[in-house]
Amino acid sequence: MKRWFAIIALFSLAWAAPALTLYDQLAPILDQVRTLQNSNPARALELLAQAEDNFRKGAGELPPVLREGIQQSLADARQALARRSSADLEARIQIIKAILGKALYDGYFNALDKGNTEDAGRLLPKVLAASGLPNSLQAQVQTLAAANNLEGVRRLFERTYAQGIANALQRAQAQTSAVRAYLEATRAYALYLIVQDSPRARGLSAKAFVDALGKLSSGNLGGFKTDVQGLLTQAQNFLRAASSPQSQRRSNPTTTTQTPPAAGGVRLEAPRTPPAPRETAPAIAVQTRPAVQAASTPDAYQQLLGDLRFLIKDSRQLERVADSLTGAGVYSIDDWKRALLEVRGRLLEAQAQVENGQTDLARRTLAQVSARYRTAIAPLIEALRPELAQRTNRVLDLAENAVGLRTSDFTVLSGELLENALVLEGRSLGAFHSLQIWLLQTILGIPRAFLFILAGLLAFFPLYLLKLTFGGRNVYWRFLGLAFFFLLLPAMMEGLSYIGSILSDPRYGRLPFLSVLTNLSIQQNLVAQLFWGLTVFLVIIFATIGLRGIATQFGLLQNQRTPVQRSRSSTLAQTAAGSAAGAAASTKPHPGLTSETIVEWDEEF
């Protein structure tokens, strides 16, 4: 499991509506993914991509840390599906529903507090569904709510959650299969996430659950069962406290003795014990081995500390970085480098999607790149070069939300990730790369689109003046006009491509069929670049023809050569005759000129 398992979602009523909408969109899709993972994995991947897209569109009002947590869980679920890891996929789905379930749970009680029975009635079935609680509980809750016994409603919920946590832990402890034990412990953890802010559940903690799962994944079954026994004891204490009539009345999360949540209403915990690693075999296997790779050993954390000691001298900062990296599944410097290569690979995937006009898919891929960078790459860079980590985070966020992305942008982004890799070697790409990053941050999105659209519109003005001034019957000025047209054509195409990018974006024009216009951009693909090269040749050809003709009309060039005398023995009479003939010929107008042309030039100049 990832460090996002330790997300504590403490929401106000403001988050209830988007959480309800997101749950309605995501839950059915995730259930289909679970059903199709073995029979039709390709379709399951498509559905999971749809879930990511729906979440990205509807999560704008949620706190950033929650948004990143669910994005990362969805990305992990996609990787688990690609690996045919049923247990890992199931764990991710449970955690996603638990995070949304906490939002629904808090929204339900806020609605009851405000007397909003209509919203409470809509939220209650979703709370039960997100938690996997029986529908029979709904009638009991409604009876207590109708009597305005809010404390009784809360205690009923807490008794049910406490009982569910205890039952899941008992099943996990009794399992001989590590796969089943892993899923049961995850089930208990997901239920705890929903009621974790209760003062009666203070004996339980997210760190204890993650520690137990880490021991199970490392093959320490005895240590896992010992931790589960401790969790079970605390869960039973929670159940007794929730069942006792003298138990403490519920208190607002902001008045509890727990650590206050971070900005945005979400609190994170980063336990030092490595989370559960990845699955190695499909869930249909009958062997009693863990559903996840045992690549993480109890010494993995110490090994990571040893690797980082050569880079980070401050011991407190060293432990903070190690906690963050292990939470992201990074247990050595080699793992960190592999994670960086993975991020750069996903960046190339987004570049290919942009090149083929799949801007929505590219934006979704960039969101995953940004989330993975923050969890697996940035913690180490923040310790070594904090300004670089901030710059990279900023430019990735800009790219994720920018309109009119071009393939050239990804070259700069890839260079920025390479800059991160060079930090370990004490090297840098230099000032020119920093200049490109600064330019990208300055003009990316609407500013650059406006610049090229304005250039494309202004390109028509000199063409109009050229037509107005020299649009007569002089064929050479027409050739020169064609040269100007092909010279300015790329600017007009670039402006048209950005118009297509804006109008096809769902945040602006919502006309997706216009995305084909983005292929006109020279920055976008090889075809447009070759077409630009062709226009350069046309400019050269038409400009040469037109300027040569005009130069000839001015008399600066001659299109006929005077014959050279082949013999010096010509008579004086022949020479005189030839001179007279030449003089007569010089008085005749140039055969390439007409009287109209001569008059036109006289009138013009």
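Quick notes on the rules
- Numbering of residues starts from 1 in each chain and follows the order in which that chain's sequence is written.
- Local features in a predicted model are, by the rule used here, given only for residues with pLDDT of at least 70; side-chain atom pairs are given and counted only at 80 or more, and totals for whole chains, interfaces and linings are based on all residues.
- Side-chain figures throughout are based on the complete set of non-hydrogen atoms in the structure, without hydrogens or water.
- Numbering goes from the N terminus for both helices and strands, where a helix is a DSSP run of H or I of at least four residues and a strand is a run of E of at least two.
- Among buried residues, those of type Ala, Val, Leu, Ile, Met, Phe, Trp, Tyr and Cys that are joined through side-chain atoms within 4.5 Å constitute a nonpolar core.
- Only protein chains enter the accessibility calculation, which uses a 1.4 Å probe; a residue whose area is less than 20% of its type maximum is buried, one above 50% is exposed, and one in between is partly exposed.
- It only takes one pair of heavy atoms within 4.5 Å for two residues to be counted as in contact.
- Under this definition, polar contacts are N or O atom pairs within 3.5 Å; protein pairs additionally need one hydrogen-donor-capable and one acceptor-capable atom, and for neighbouring residues in sequence, both atoms have to be side-chain atoms.
- Whenever a carboxyl oxygen of Asp or Glu lies within 4 Å of a side-chain nitrogen of Lys or Arg, that contact is scored as a salt bridge.
- Axis definition: a line fitted to C-alpha atoms, over the contacting stretch in the case of helices. Angles run 0 to 180 degrees between N-to-C directions.
- Each angle is binned into one of four classes, with values under 35 degrees roughly parallel, values over 145 roughly antiparallel, values of 65 to 115 roughly perpendicular, and all other values oblique.
- What makes a crossing left-handed is the near helix being turned counterclockwise from the far one by less than a right angle; a clockwise turn instead makes it right-handed.
- Under this grouping Gly is polar, as are all residues other than the nonpolar Ala, Val, Leu, Ile, Met, Phe, Trp, Tyr, Cys and Pro and the charged Asp, Glu, Lys and Arg.
- Axes are fitted to the seven residues ending at a residue and to the seven starting at it; the angle between these axes is taken as the bend at that residue.
- Within this analysis, patches are made of residues with over 30% relative accessible area and no salt bridge. Like charges are joined at 9 Å or less; nonpolar side chains (Val, Leu, Ile, Met, Phe, Trp, Tyr) at 5 Å or less.
- What sets the accessible areas is the Shrake-Rupley method with a 1.4 Å probe; for residues, cover comes only from the shown protein chains.
- Looking at any residue, its pLDDT shows the predictor's confidence there, from 0 to 100.
- Working definition: rings of Phe, Tyr and Trp (its six-membered ring) pair if their centres are within 6.5 Å, and the pair is stacked with planes under 30 degrees apart, edge-to-face with planes over 60 apart, and tilted otherwise.
- We count a charge as sitting over a ring when the NZ of a lysine or the CZ of an arginine lies within 6 Å of the ring centre and within 35 degrees of the ring normal.
- Take the number of residues in a helix, subtract one, and multiply by 1.5 Å to get its expected span.

Visitor: Go over unusual backbone geometry with me, naming the residues and quoting the values.
Guide: Although it is not a glycine, N148 sits at a positive phi angle of roughly 60°. On the secondary structure map, N148 appears in the loop between helix 6 (136-146) and helix 7 (150-174). Of note, R510 is a non-glycine position whose phi angle comes to about 55°, a positive value. Along the chain, R510 falls in the loop between helix 20 (475-504) and helix 21 (526-553).

Visitor: So what's going on with the nonpolar core? Which residues, and what values?
Guide: Note that soluble globular proteins tend to have their nonpolar side chains buried in a common cluster. Residues Y108, F157, Y161, I165, L169 and F209 are the most contacted members of the largest nonpolar core, which totals 85 residues. A total of 16 residues in this core trace back to one element, the largest contributor, which is helix 4 (residues 86-113). Ignoring sequence-local partners within four residues, the contact set of F209 consists of I165, L169, A185, A188, Y189, Y192, L204 and L231. One finds L304, I377, V395 and L417 within the second-largest nonpolar core, a separate group that totals 44 residues.

Visitor: Give a description of the environment of G533 that names residues and reports values.
Guide: On the secondary structure map, G533 appears in helix 21. Judged by its relative accessible area of 21%, G533 is partly exposed. Along the backbone, G533 and P490 are 43 residues apart, and their C-alpha atoms lie at a distance of 10.0 Å.

Visitor: Could you give an account of the side chain of S501, with specific residues and numbers?
Guide: Note on placement: S501 falls in helix 20. Within polar-contact distance, the side chain of S501 engages the side chain of R406 at 3.2 Å. If near-sequence neighbours (up to four positions away) are discounted, S501 is found in contact with V403, G404, R406 and T518.

Visitor: Outline the pattern of salt bridges, supporting the account with residue identities and numerical values.
Guide: Counting across every chain of the model gives 25 salt bridges. Across the salt bridge formed by R92 and D88, the nearest N and O atoms sit 2.2 Å from each other. Highlighted residues: R92 and D88, both in helix 4, separated by 4 residues, approximately one helical turn. When the shortest N-O distance is used, the salt bridge between R200 and E158 registers 2.6 Å.

Visitor: Quick one: what's the story with the packing of helix 15 (residues 386-401) against helix 17 (residues 431-443), residue by residue and with numbers?
Guide: How two helices pack is summed up by the angle between their axes together with the distance between the axes. Orientation of helix 15 relative to helix 17, taken along the N-to-C sense of each, is 40°, at an axis distance of 10 Å. When the axis of helix 15 is compared with that of helix 17, the two are oblique. Relative to helix 17, helix 15 is oriented so that their crossing is left-handed. Counting all contacts with helix 15, which are made through R391, R394, V395 and L398, the residues of helix 17 involved are H433, S434, I437, L440 and Q441. For the contact of helix 15 with helix 17, the per-class residue count stands at 4 nonpolar, 3 polar and 2 charged.

Visitor: Explain helix 14 (residues 359-384) to me, and be specific about the residues and the numbers.
Guide: The principal kink in helix 14, of about 60°, is found at A378, preceding the proline P379 by one to four residues. Across the 26 residues that make up helix 14, a large majority, 21, are buried.

Visitor: Describe in detail the packing of helix 8 (residues 178-195) against helix 9 (residues 206-217), supporting the description with residues and values.
Guide: Interaxial distance between helix 8 and helix 9 falls to 10 Å at its minimum, and their mutual angle equals 170°. In terms of axis orientation, helix 8 runs roughly antiparallel to helix 9. When helix 8 is examined against helix 9, the residues A178, A181, Y182, A185, T186, A188, Y189 and Y192 are found in contact with a partner set consisting of A206, F209, V210, L213 and L216. Considered class by class, the residues forming the contact of helix 8 with helix 9 number 12 nonpolar, 1 polar and no charged.

Visitor: Explain a nonpolar patch on the surface to me, using residue names and the numbers behind them.
Guide: A surface patch of nonpolar side chains, about 570 Å² in accessible area, is lined by W532, V536, F537, I540, I541 and I545. For V536, the location among the structural elements is in helix 21. Overall, V536 belongs to the partly exposed group, its relative accessible area being 33%.

Visitor: Which residues make up the confidence of the model for the protein chain, and what values do they have?
Guide: Averaged over every residue, the pLDDT of the protein chain is 78; residues scoring 70 or more account for 78%. Throughout residues 1-15 the model reports pLDDT below 50, and contacts reaching past four residues in sequence, or to other chains, amount to 80 contacts. Note that pLDDT drops below 50 for residues 592-605; the model gives that stretch 11 contacts with residues more than four away or on any other chain.

Visitor: Describe in detail the packing of aromatic side chains, supporting the description with residues and values.
Guide: For any two aromatic rings, the description comes down to two numbers: the centre-to-centre distance and the angle of the planes. Under the criterion given, the structure shown has 13 aromatic pairs. On the basis of an interplanar angle of 65° and a centroid distance of 5.0 Å, the ring pair of Y105 and F109 is categorised as edge-to-face. Placement of the pair is Y105 and F109 together in helix 4, with a separation of 4 residues, close to one helical turn. For the pair shown, Y105 and F109 are each scored as buried. Measuring from ring centre to ring centre gives 5.8 Å for Y105 and Y161, while their planes differ by 85°; the resulting arrangement is edge-to-face. Highlighted residues: Y105 in helix 4 and Y161 in helix 7, separated in sequence by 56 residues. The pair formed by Y105 and Y161 is uniform in burial state, with each residue classed as buried. Ring-pair connections join several aromatic residues into one group, and the members of that group are Y105, Y108, F109, F157 and Y161. The ring of F109 carries the charged tip of R154 above its face, separated from the ring centre by 4.0 Å.

Visitor: Can you break down helix 4 residue by residue, with the values?
Guide: The end-to-end C-alpha distance of helix 4, which contains 28 residues, comes to 40 Å, matching closely the 40 Å that a straight helix rising 1.5 Å per residue would cover. Counting buried residues along helix 4, 26 of its 28 residues qualify, which places the element largely inside the surrounding structure.

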